[in-house]
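# Survey of secondary and tertiary structure
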Amino acid sequence: MSVLSERGGQPDQNDVLSRVADGVSPSSVHHSDDVLGLATYGTGDHGVHTRGIFDPELLDRCISCGFCLPACPTYALEKDEASSPRGRITLMRALEAGTLDPHDQTLQEQSSQCLGCRACEVPCPAGVEYGLLLETWRDHQWSGRHGNPLARVLRWGVARRSLLRLSGLVRPFARTRGYARATKPHIMLGCAERALFPSVSRAAVRLVPGADAPIEQGCCGALHAHNGDSAKGADMARRLGQDLPGTIITTAGGCAAHIAHHLGRDHLKELSEHLVETGYRATGELLVPDGHGGQRRARVTLQDSCHLRNGLRVTAQPRALLRQVADYVELPSAGGCCGSAGSYSILRPKESARILAPKLAEIKALDVDFIVTVNPGCQLQLQSALMLRRSGTKAIHLADLLARVEDQVAARS
Amino acid sequence: MTVGAARVHAETAATSATPDRSRFGAVDEAVLKALRKIVGSDYVRSSDGDLAPFSRDATPLFAARPDAVIFPASTEEVAAVLKLATERRIPVTPRGAGSNLAAATAATYGGIVMVLTRLDQIVEVSASELLAVVQTGVTTAELSAAAGKQGLLYAPDPGSRTVSTVGGNVAMCAGGLRGLKYGVTRNYVLGLLVVLPTGEIIRTGGRLWKDVAGYDLTRLLTGSEGTLGVITEATVALLPAPATSGTGVAYFRSLSDAGRAVARVIADGVVPATLEFLDGKCINAVEDYAGLGLDRTAGALLLFGDDGAPDVVQTNLARMAVSCETEGALGFTVAKEIVESEALLEARRCALPALARLAPVTILEDVAVPRPRIAEMVDRIDAIAERNRLTIATFGHAGDGNLHPTAVVDPGDGDAVERAHAAVGQIFTAAIDLGGTITGEHGVGAAKLPYLEQRLGADQMALLRRVKTAFDPAGILNPGKTGS
């Protein structure tokens, strides 16, 4: 048994151990007013597994180099180690090792304050799978009395397939009858997306010839996985795989990484990824009024979906599509979270707005006609903020934008 | 490093001994109240959970819990805190981004961890004076970028440049990949704004290239590891950015072959901007992370590069390739584009964390030897690894003789950690034997303090302690580190 785990067996001694005596410094070293050898260190909680909450292999991998700090949007707010991926992993380890009370306020706060954007995974040379660690952390942290009631309502809602179906009665999303066959690609309707932005699935069905959009499909479970119930999240993903055998095409970057993780990367295509792979060519360009009674080519930028970018590393495809139809300019913070972060904007509206603020300034400076999104959460976050500010820039989902190009071409001919 | 042994000892000591903190005062409610008054209540933390993230830095197997963490926002706040700390005899450990590898920011005796990341303003970049003035919490990469915008170069480029703060770089005298041609942090510090442990605010040096008025305190403070004063602002020298740069890779059968090539390159008359080497284990770990298409079958690779006028760069790359061939290079490639060069250098900077893919604990060392003895040192490291039944991956800044042998250890594997620490001691002895040092650029910190006397001798250690006392009569500033 390793010494590290032996130590873990005596969590009550941690405080003492962190500064116990050490008599092993070379005896030749003398110190003026203290024998330095008497001041010593604990070895920390790296590798100590007492409570059995985390998968040891996942939690041990971080070596605390800190390369993730500059990538973290919440670290950027206050430059506070506790709000960084490395600091949060130190907290997870303290929880796992039994050094911290499981109800500790900082554990609770930091597990919630994290956006879960996984930007920290990109610069991590050690390959730490932070997203999975966070899911486990929240499973533990948000269970029982610490569960967020709002998150519970959200989880409950999206798991009700009857509710999802009903939402289509008010504002129709795409749907095809009958059960899905494995030979066809299936447009995933999503939970939030089919209710909030039903035009997106209608557009996707137009853009992908031969695709169906079976009505018999539930939520993918990403919202559960990211909000303290990863077991149910995994079940829901598997059920979605049964509902939609074969290739699933999603218009929600936030769902993409979750589905790919549970069903396998081969079964999942994000819309832009699918379109580029199948050689999609737009039939024209996106035109907007030029202010003098005529029309001009639109100027657009893109907001990446965090999980699509950081989880699946899909970044070039939506940009390539946009360059086909409009003048594309890069948003400096395109790869950084917009603060929507799934349910984050609902659960922590103040921080969400703080994360978003610098991005809004960038969008204003770019002076574009559209900021294009590839995920309903980002769409909602940007659309509402831009509308509130009466911005000249509109937020639009990539599928809607490409469909609009087809509409314009059809209207001209 | 004594951690392995320390831990074993801790098992028995935990029951019988308590830390000797009797010479320090406690962080009680009155002290917390005073701290809140100075920096604001939002910026004083003292709960268990709040302290946990600040109980370690990037050094493996070193943890020490502070009693409070504070985030001052100005030099004046730093001064007020230090004055209070000296009065109350409370230890203060300054901390930047916590990326150091020598446990230099471990709160050995508890007390206050003073986080300086809120001091994050770039005050000035002057092209006409070739200098920049930055607050201590600005990251090295932010300073480089600001200089780059004006066509200037901040030369020091430690591996952790995207994370590390300029204040931390100065305090630790950070090195980097350009050390041979451009020097290290100490060669670029012109002046410092420093708060003494007793609360006085002083300016050392300034905007001058020539200034011999008084002892060179700027140099003394550079690399003082936060034991003599708290640096809140630095004035650093910049250079005109080189017109271009180029990088090549040469592969060798073994690391000692690569070591001989290093000596050959320099003897043949080139002082390259980059001369880095990685052994086969590092090549594979880096390749797993970065996927650059490096030759995984080679025993070692040498990354060589230069910057300057395009024709000079081309000529020097060709000359270095010839030198490598003379020493038996198996083959080499030259990056065609700057982006390719940068990818190679970035990959090299990630060598250490990439090694974490091999096992949960990486115990990294930082010895330096005279350049002609690199091959010999490499052979000795191999022998030490074998003797202690360890996997030791070695990479380093070959050009300046600075090696990073890294023991890759699974703590679950019996006494592997203890064997690693035994190996570390043997590596230090070997380096000193060859006329080298125990640390080239990471610093002594808490991790290497027990070995410092072996390098400096008793008289110099005594002098260090007298210097420390002159700056810090109460001994409150980062106690348990160099000279204290």
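Residues numbered from 1 in each chain as written. Chains lettered and ligands numbered in written order. Predicted model: local features only at pLDDT ≥ 70, side-chain atom pairs only at ≥ 80, totals over all residues.

To continue, consider the overall build of chain A. The number of helices and strands found in chain A is 21 helices and 9 strands. Taken over 413 residues, chain A has a buried fraction of 55%. Long-range pairs, those at least 24 residues apart, make up 73% of the contacts in chain A between residues at least 6 apart in sequence. (Helix = DSSP H or I, 4+ residues; strand = E, 2+ residues; numbered from the N terminus. Buried ≥ 20, exposed ≤ 12 C-beta atoms within 10 Å, placed from the backbone. Contact = placed C-beta atoms within 7 Å.)

This brings us to helix α15 (residues 416-433) of chain B. Residues and elements named next belong to chain B. Here α15 spans 25 Å end to end across 18 residues, near enough to the 26 Å set by a 1.5 Å rise per residue. Buried residues of α15: Ala416, Val417, Ala420, His421, Ala423, Val424, Ile427, Phe428, Ala430 and Ala431, and no others. At the exit of α15 stands Gly435, carrying a positive phi of roughly 85°. (Expected span 1.5 Å × (residues − 1).)

Helix-helix packing: each pair is described by the crossing angle between the helix axes and the interaxial distance. Residues and elements named next belong to chain A. In the contact formed by helix α17 (residues 316-325) and helix α21 (residues 398-412), the axes pass within 11 Å of each other and the chain directions differ by 25°. As summarised for this structure, α17 and α21 are arranged roughly parallel, according to the angle between their axes. Considering only the axes of α17 and α21, their crossing is left-handed. Here α17 contributes Pro318, Leu321 and Val325 to the contact with α21, which in turn contributes Leu398, Leu402 and Val405. (Axes fitted to C-alpha atoms, helices over the stretch in contact; angles between N-to-C directions. Parallel < 35°, antiparallel > 145°, perpendicular 65-115°, else oblique. Left-handed = near helix turned anticlockwise from the far one by under 90°.)

A common measure of how large an interface is: the accessible area buried when the components associate. Residue and element names in this part refer to chain A. Looking at the assigned domains, one finds that chain A contains domain 1 (3-145), domain 2 (150-277) and domain 3 (287-412). With centres defined by C-alpha atoms, the gap from domain 2 to domain 3 works out at 21 Å. Listed as interface residues are 30 residues of domain 2 and, on the opposing side, 27 residues of domain 3. Listed by contribution, the elements that provide at least two residues to the side of domain 2 that touches domain 3 are α8 (149-158), α10 (192-196), α11 (198-207), α12 (222-226), α14 (253-263) and α15 (271-277). Here the element with the most residues in the side of domain 2 that touches domain 3 is α11; it accounts for 6 residues. A per-class count over the side of domain 2 that touches domain 3 returns 18 nonpolar, 8 polar and 4 charged. (Domains from an automatic or database assignment. Nonpolar A, V, L, I, M, F, W, Y, C, P; charged D, E, K, R; others polar.)

According to the domain assignment, chain B contains domain 1 (21-115), domain 2 (122-240) and domain 3 (244-433). Summarising the inter-unit geometry, the C-alpha centres of domain 1 of chain B and domain 3 of chain B are found 37 Å apart.

Residues and elements named next belong to chain B. Two elements in contact, helix α2 (residues 29-39) and helix α4 (residues 75-88), have axes whose closest approach is 9 Å; the angle formed by their N-to-C orientations is 165°. When the axis of α2 is compared with that of α4, the two are roughly antiparallel. Considering how the two elements wind past one another, α2 and α4 form a crossing that is right-handed. For the pair α2 and α4, the contacting residues are Val31, Ala34, Leu35, Ile38 and Val39 in the first and Glu77, Ala80, Val81, Leu84 and Arg88 in the second. Of the residues in the contact of α2 with α4, the class split is 8 nonpolar, no polar and 2 charged.

Turning next to the environment of A:Ser345. Within the secondary structure, A:Ser345 is located in helix α18 (residues 344-347). With 58 residues separating them along the chain, A:Ser345 and A:Ala403 place their C-alpha atoms 28 Å apart.

Looking at the element boundaries, A:Arg155 is found in helix α8. C-alpha of A:Arg155 to C-alpha of A:Ser112: the two residues are 43 residues apart in sequence and 16 Å apart in space.

On to the nonpolar core, then. Counting 263 residues, the largest nonpolar core has A:Ala204, B:Ile70, B:Ala132, B:Ala250, B:Val286, B:Leu301 and B:Leu302 as its most contacted members. Residue contributions to this core peak at 9 residues, all from α15(B). Ignoring any residue separated from it by four or fewer positions in sequence, one finds B:Val286 in contact with B:Leu278, B:Leu294, B:Ala347, B:Cys350, B:Ala351 and B:Ala354. (Core = buried A, V, L, I, M, F, W, Y, C linked by C-beta atoms within 7 Å.)

Here we take up the pairing of strand β9 (residues 201-205) of chain B. Every regular strand shows the same layout, with side chains that alternate between the two sheet faces. Residue and element names in this part refer to chain B. Two strands pair when backbone bridges link them, and strand β8 (residues 189-195) and β9 are joined in this way by 5 bridges, in the antiparallel orientation. Each residue of the ladder has a partner; that of Gly191, found in β9, is Gly205. Joining the antiparallel neighbours β8 and β9 is a turn of 5 residues, in which Gly199 adopts a positive phi near 105°. (Pairing = 2+ DSSP bridges.)

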